[in-house]
Amino acid sequence: MIYWIWLTQIPFIGPVTARYLIKELGDAEEIYQADSKQLSGMPGLSARQRESIIRNHSLEKSRRIMDDCQNKNISILCWNDKRYPLRAKKPADAPVVLYYKGNIKEIDQTVGIVGARRCSQEAKKETVSLASEYAQKGIAVVSGMAKGIDSYAHTACLNAGGYTIAILGNGLDICYPSEHYKLMRCIEESGLLVSEYSPGTPPAKYNFPRRNRLISSWSDKLIVIQAGKASGALITAEYSRKYGRKVF
């Protein structure tokens, strides 16, 4: 597991390149063991990327992350784990490592529900109705635990006895927004919290568009409710279209 974490911490090696390396060399430990001659024979790597792999060969940071996860009850889902959902693996930019809290369940169908942070009462009622209905049908509700539509979708799903997945744009040891602490605990107990960010990663602005792509990849279809122009919900919709998922 330590080699998988190491792979995600190498500068200039993103998810697409990491998957290319896995395809060519087999797994993360094999990538770690590869020498400069092996790497130079791989046309999918740039000179900068090859140099970065060779120079960043310490496992110290990876060990710190693993220790941090253990101390904070955060589990690690690696690319080669059979529990990694196939729907989430399909996009080329799917992360090779995810951090999670809660229970990973094999779900036949998932639906993403996202939308405005500030929404009308009508939109709230529609969200609650939809999330409750999907929960009763055994369909998992996926969202981002943000204010507004996201939180209403998670809460309604839980209240209906369903399984909900919250994908965060920060480390799982941080509750953002802070007022969703109780909701976060409830999701951890009955659903699943997921992030591609290691513990201690703050909720920086640039993390959330990347988080939104995971909401799309974990959802068989996406429902967008009262999203504003240039909002995160519409970014999520664009990713869903890119990944070939239905958007409503």
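Placed above this text is the structure.
Residues numbered from 1 in each chain as written. Predicted model: local features only at pLDDT ≥ 70, side-chain atom pairs only at ≥ 80, totals over all residues. Heavy atoms only, no water.

**Q** Any details on the pattern of salt bridges? Residues and values, ideally.
**A** In this structure the tally under the stated criterion is 13 salt bridges. In this structure, Arg-64 and Glu-60 form a salt bridge, with 3.4 Å as the shortest nitrogen-oxygen distance. Linking Arg-64 with Glu-60, this pair stays in helix α6 (residues 60-71), spanning 4 residues, or about one helical turn. On the basis of relative accessible area, Arg-64 is assigned to the partly exposed category, the value being 48%. Among the residues examined, Glu-60 registers a relative accessible area of 51% and is labelled exposed. Between Lys-137 and Glu-133 there is a salt bridge whose closest N-O contact spans 3.2 Å. In the salt-bridge network here, residues are joined through shared partners; they are Asp-93, Glu-196, Arg-210 and Arg-213. (Salt bridge = Lys/Arg side-chain N within 4 Å of Asp/Glu carboxyl O. Helix = DSSP H or I, 4+ residues; strand = E, 2+ residues; numbered from the N terminus. Buried < 20%, exposed > 50% of the residue type's maximum accessible area, 1.4 Å probe, protein only.)

**Q** Account for helix α8 (residues 121-136), with residues named and values stated.
**A** Its 16 residues place the ends of α8 23 Å apart at the C-alpha level, agreeing with the 22 Å of an ideal helix rising 1.5 Å per residue. Those residues of α8 that fall on the buried side of the exposure criterion are Ala-123, Thr-127, Leu-130, Ala-131, Ser-132, Tyr-134 and Ala-135. Residues of α8 that are buried in the fold lie against β3 (110-115), β4 (140-143), α9 (149-159) and β7 (221-225). Just downstream of α8, Gly-138 is the residue with a positive phi angle, here 80 degrees. (Expected span 1.5 Å × (residues − 1). Contact = heavy atoms within 4.5 Å.)

**Q** Lay out the sheet that holds strand β1 (residues 75-78) with the relevant residues and their values.
**A** Strands sit in the order β1-β2-β6-β5-β4-β3-β7-β8 across an open sheet of 8 strands; the sheet is mixed. Either end of the sheet is taken by a strand with one partner, and the two such strands are β1 and β8 (246-247). Note: strand β5 (residues 164-167) against strand β6 (residues 192-195), 3 bridges, orientation parallel. Each bridged residue has a counterpart across the sheet, and for Ala-166 the counterpart in β6 is Leu-193. Contacts from helix α11 (residues 207-217) reach β2 (97-102), β3, β4, β5 and β7, with the element oriented near 155 degrees to β5. (Pairing = 2+ DSSP bridges. Axes fitted to C-alpha atoms, helices over the stretch in contact; angles between N-to-C directions.)

**Q** Tell me what's going on with the nonpolar core, and back it up with residues and numbers.
**A** In terms of nonpolar packing, the biggest core is built from 60 residues, with Leu-7, Leu-21, Tyr-99, Met-145 and Trp-218 touching the most fellow members. Here this core gets 5 residues from one element, more than from any other, and that element is helix α1 (residues 2-8). Met-145 has contacts with Asp-150, His-154, Ala-166, Leu-168, Cys-175, Tyr-176, Pro-177, His-180, Leu-183, Met-184, Ile-187 and Leu-193, leaving out every residue within four places of it along the chain. Membership of the second largest hydrophobic core comes to 15 residues, among which are Ala-123, Leu-130, Tyr-134 and Ile-223. (Core = buried A, V, L, I, M, F, W, Y, C linked by side-chain atoms within 4.5 Å.)

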